[in-house]
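# Observations on the model geometry
Spelled out, the chains give:
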Amino acid sequence: MLKRGVIALAAVLALAVLFIAALPWVASTQIVRDRIAHELSLWSGYRVVLGEAPVLDVWPTFRATLHDVAFLEWADNGNPPVLKADRLEVGLSALSALRGNVVLSAVAMYRPVLRLTIEGSVIDLPASPGGGRMTRAVTAARRIVASNPANPDRSALPDDAFGTVEFFDGRIAVVDGDDDDGISSLNGKIVWPSLNRTARLNATGIWRGENISVEGSSAQPLLLLAGGNAPATASLKSALLEASFEGTANLSTNTYFDGKASLSSPSLRRMLEWSKTDIAPGAAIGAMSIAGTVQGTAQRLRLDSVALNLGGNSGRGVLEVSFADPLPAISGTLAFDTLDVRSFLAAFTPIASTSGNIYDQIDTGFAEQLSLDLRLSAGNATLGSVAMTELAAAAQVKGTLAAFDISDATVFGGKLQAGVRVDLQGENKAVEMRMMADNVDAQALAKATGATQLMPQGRANLSLMLKGTGRDWNTVMGNAEGTVSATLGEGALQDSTWPSSGSAHPQADSSPCRKSSAARCRCAARNSRRRSMAASHRSRRPNSAQMGKC
């Protein structure tokens with residue numbers, strides 16, 4: 001019995017040795033070589049050409065190494081390969097290879113180059129593959145989706161085994177596009193056991209000089225490719241931008257997204273420059289982040305439950321982004337606990353920026369890049385050195401009109417309404433300014449405007465309406481015309497430039513004027529006439545003497 005067992009074991013070992021010895025010879029034959037190329041062609045839909053005969057490795061796994069592999073269009077038009085790799089390592093089924101067949105389980109591509117073309121706003125392959133298993137599977141899935149778009153029969157999806165595709169030191173080149181649009185140093189893996197199961201993608205590379213990392217997955221990737229609704233997650237990470245999405249997506253011509261999305265950048269300016277977006281930030285805004293629930297198409301997206309941080313201003317609300325018109329449009333409502341109005345608006349328009357000076361030309365380029373319609377509210381806000389509470393405001397950029405309006409705010413202990421409108425049409429820009437202050441602290445208002453003389457103490461009402469034209473702010477203010485009126489209540493009128501005693505000039509009468517309205521005006525006038533002529537000035541623009549109105 002023992003002798004028979006030894007003989008049987010020896011026979012099995014001999015067969016195993018013969019099997020292993022025969023594999024390289026069988027796989028290197030012309031039949032297997034052609035079958036490998038044919039199998040790759042069946043999957044991709046392109047004509048596959050192998051530069052050399054395959055080199056077989058049987059340990060630790062059975063695989064074939066192919067050199068100079070090219071995926072070509074079927075039409076012999078002289079175009080370079082759609083995909084070319086210096087080396088391919090293909091995992092094979094040993095038993096299928098002995099029968100002269102090829103069953104692929106995994107593919108590893110070294111230094112592959114993939115060519116893409118730009119058709120309008122879509123980046124695609126130079127020529128759509130035809131007749132491949134993947135194409136037929138997507139076509140079958142489209143029929144399933146068409147029969148019941150709301151609830152397609154997932155059990156009827158093709159279940160062909162796919163496997164794993166890895167790529168090392170690859171490159172994506174865009175034909176007739178900018179060299180920066182391509183991706184270099186591409187490394188990653190696609191894991192897709194079968195066409196009706198979950199697929200995952202992980203990849204890293206260099207795009208426009210920055211390292212990027214991309215991850216994506218879908219429980220029904222075939223439905224996604226066929227234009228149906230399918231769950232999907234995706235993320236992009238780089239030094240300048242991090243973005244993510246988790247929800248339901250549809251990648252058909254009627255693209256649709258519904259899920260949670262987030263986007264953040266340490267520098268809005270650098271991020272826009274890197275992405276080559278045709279929107280230039282108005283100032284050097286720092287960190288920016290936005291997160292919320294996104295719903296809509298590639299032409300119009302709505303973001304609910306938005307959490308936004310821009311230039312240190314944190315707010316919540318609802319936003320809509322539209323790409324249906326030639327200019328991108330942003331609209332919505334945002335509420336802030338605290339808001340720096342100038343720094344927030346500077347992210348969209350340089351008019352609000354503190355950089356430059358009044359002699360710089362009024363920058364109107366932003367009106368050619370973006371349409372804006374935002375409603376803002378804040379419990380506490382600042383505009384330059386002015387502190388406000390209970391702010392309600394609106395910012396608009398549409399066509400040739402840019403406007404910022406404060407419809408209501410509490411400032412200097414009173415109420416304020418103000419607005420600035422700039423008509424950007426023509427060489428000279430038309431600017432309108434208005435302000436209405438009710439029952440405000442007159443001294444605080446005077447200090448905020450930079451006044452150092454004639455400092456009133458009391459409550460005041462102020463109305464201002466000015467219009468001017470020019471290429472820069474200095475010219476606009478120099479030829480501005482309009483009306484300015486002020487009404488001062490009971491209080492005192494002081495000139496801080498006069499010493500309180502021991503001066504050659506008579507001391508200002510700072511005693512309160514407690515008389516009738518007309519008497520108060522005469523009292524203020526008498527106090528004003530006591531000042532030397534050096535304290536008075538003349539100007540084309542409304543001055544403090546002109547502002548007094550009984």
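From a predicted model like this one, the values you see are computed outputs, not experimental measurements.

Moving on to the overall build of the protein. Helices and strands together make up the secondary structure of the protein, namely eleven helices and 25 strands. Counting over 550 residues, the protein shows a buried share of 37%. For the protein, long-range pairs separated by at least 24 residues make up 48% of all intrachain contacts whose partners lie at least 6 apart in sequence. Only carbon and sulfur atoms are counted for the fraction: they give 55% of the accessible area of the protein, which is about 29,800 Å².

Our focus in this paragraph is the side chain of Asn313. By secondary structure assignment, the location of Asn313 is in strand S17 (residues 313–322). From its side chain, Asn313 meets the backbone nitrogen of Asp340 in a polar contact 2.7 Å long. Separated by 3.1 Å, the side chains of Asn313 and Ser343 make a polar contact. Residue contacts for Asn313: discarding those within four places in its chain leaves Leu308, Phe336, Thr338, Leu339, Asp340, Ser343 and Phe344.

Here the focus is the pattern of salt bridges. Counting across every chain of the model gives eleven salt bridges. Among the ionic pairs, Arg300 bridges to Glu320, the shortest N-O distance being 3.9 Å. One end of the pair, Arg300, is in strand S16 (residues 300–310); the other, Glu320, is in strand S17, and 20 residues separate them in sequence. For Arg300, a relative accessible area of 45% corresponds to the partly exposed category. Glu320 sits in the partly exposed class, given a relative accessible area of 26%.

Quick look at the side chain of Glu39 now. Mapped onto the elements, Glu39 comes out in helix H2 (residues 30–44). With a relative accessible area of 5%, Glu39 lands in the buried category.

The next subject is helix H4 (residues 133–147). With 15 residues, H4 extends 21 Å from end C-alpha to end C-alpha; this agrees with the ideal 21 Å at 1.5 Å per step. Of all the positions in H4, only Met134, Ala137, Val138, Ala140, Ala141, Ile144 and Val145 are classed as buried. The buried residues of H4 all sit within an arc of 160° when viewed along its axis, so they share a single face. Exposed and facing more than 90 degrees away from the buried side of H4 are Arg143, Ala146 and Ser147.

With a phi angle near 50°, Ser185 is a residue other than glycine that sits in the positive phi range. Examined against the element boundaries, Ser185 turns out to sit in strand S9 (residues 183–194). Taking relative accessible area as the criterion, Ser185 reaches 32% and is therefore assigned partly exposed. The phi dihedral of Asn439 is positive, around 55°, even though this residue is not glycine. Mapped onto the fold, Asn439 is located in strand S23 (residues 429–441). Judged by relative accessible area, which is 39%, Asn439 ranks as partly exposed.

Applying the stated rule across the entire model yields six aromatic pairs. Ring geometry for Trp43 versus Phe162: centroids 5.4 Å apart, planes at 90°, classification edge-to-face. Of this pair, Trp43 sits in helix H2 while Phe162 sits in strand S8 (residues 161–175), and the two are 119 residues apart along the sequence. Measuring from ring centre to ring centre gives 5.8 Å for Phe245 and Phe257, while their planes differ by 80°; the resulting arrangement is edge-to-face. With Phe245 in strand S13 (residues 242–250) and Phe257 in strand S14 (residues 256–265), this residue pair connects regions lying twelve residues apart in the sequence. A residue is classified by how much of its surface remains accessible, and Phe245, at 15% relative accessible area, is buried. An aromatic cluster is built from Trp43, Phe162 and Trp192, whose rings are joined through pairwise contacts. Across the ring face of Tyr110, the terminal group of Arg87 is positioned such that the distance to the ring centre comes to 3.9 Å.

Attention shifts here to the nonpolar core. Counting 56 residues, the largest nonpolar core has Leu310, Leu339, Val341, Phe344, Phe348, Met388 and Leu391 as its most contacted members. Ranked by residues supplied to this core, first place goes to strand S20 (residues 386–398) with six residues. In this structure, Phe71, Leu88, Ile172 and Trp192 belong to the second largest nonpolar core, which totals 49 residues.

This part is about the environment of Asp340. Residue placement: Asp340 occurs in strand S18 (residues 329–340). Setting aside residues no more than four positions away along its own chain, Asp340 makes contact with Asn313 and Thr382.

All right, on to the environment of Gly182 then. Tracing the sequence through the fold places Gly182 in the loop between S8 and S9. A relative accessible area of 14% means that Gly182 is categorised as buried. Remark: the alpha-carbon pair of Gly182 and Ile172, spanning ten residues in sequence, is separated by 5.2 Å. When near neighbours in sequence (up to four residues on either side) are disregarded, Gly182 contacts Ile172, Val174, Ile206 and Trp207.

Pairing analysis gives nine bridges linking strand S22 (residues 414–423) to S23, with the strands arranged antiparallel. Considered in S23, the bridge of Asp423 is made with Ala430. Two strands pair when backbone bridges link them, and S23 and strand S24 (residues 455–470) are joined in this way by eleven bridges, in the antiparallel orientation. Within S24, the residue paired with Glu432 across the bridge is Lys467.

Turning our attention to helix H6 (residues 268–275). Burial in H6 covers these residues: Leu268, Met271, Leu272 and Trp274. Angularly, the buried residues of H6 cover 160° about the axis, an arc narrow enough to put them on a single face. Where H6 is buried, its residues meet strand S10 (199–207), strand S11 (210–218), strand S12 (230–238), S14, strand S15 (288–296) and S16. One or two steps after H6, the chain reaches Lys276, where phi turns positive at roughly 55°.

A word on the environment of Ala492. Here Ala492 lies in strand S25 (residues 481–494). Residues Ala492 and Gln443, spaced 49 residues apart in sequence, show a C-alpha to C-alpha distance of 9.8 Å.

Quick notes on the rules
- Residues numbered from 1 in each chain as written.
- Predicted model: local features only at pLDDT ≥ 70, side-chain atom pairs only at ≥ 80, totals over all residues.
- Heavy atoms only, no water.
- Helix = DSSP H or I, 4+ residues; strand = E, 2+ residues; numbered from the N terminus.
- Buried < 20%, exposed > 50% of the residue type's maximum accessible area, 1.4 Å probe, protein only.
- Contact = heavy atoms within 4.5 Å.
- Areas by Shrake-Rupley, 256 points an atom, 1.4 Å probe, with all protein chains shown as cover.
- Polar contact = N/O pair within 3.5 Å; in protein donor to acceptor, adjacent residues only side chain to side chain.
- Salt bridge = Lys/Arg side-chain N within 4 Å of Asp/Glu carboxyl O.
- Expected span 1.5 Å × (residues − 1).
- Arc of directions from axis to C-beta.
- Phe/Tyr/Trp six-rings, centres within 6.5 Å; stacked < 30°, edge-to-face > 60°.
- Lys NZ or Arg CZ within 6 Å of the ring centre and 35° of its normal.
- Core = buried A, V, L, I, M, F, W, Y, C linked by side-chain atoms within 4.5 Å.
- Pairing = 2+ DSSP bridges.

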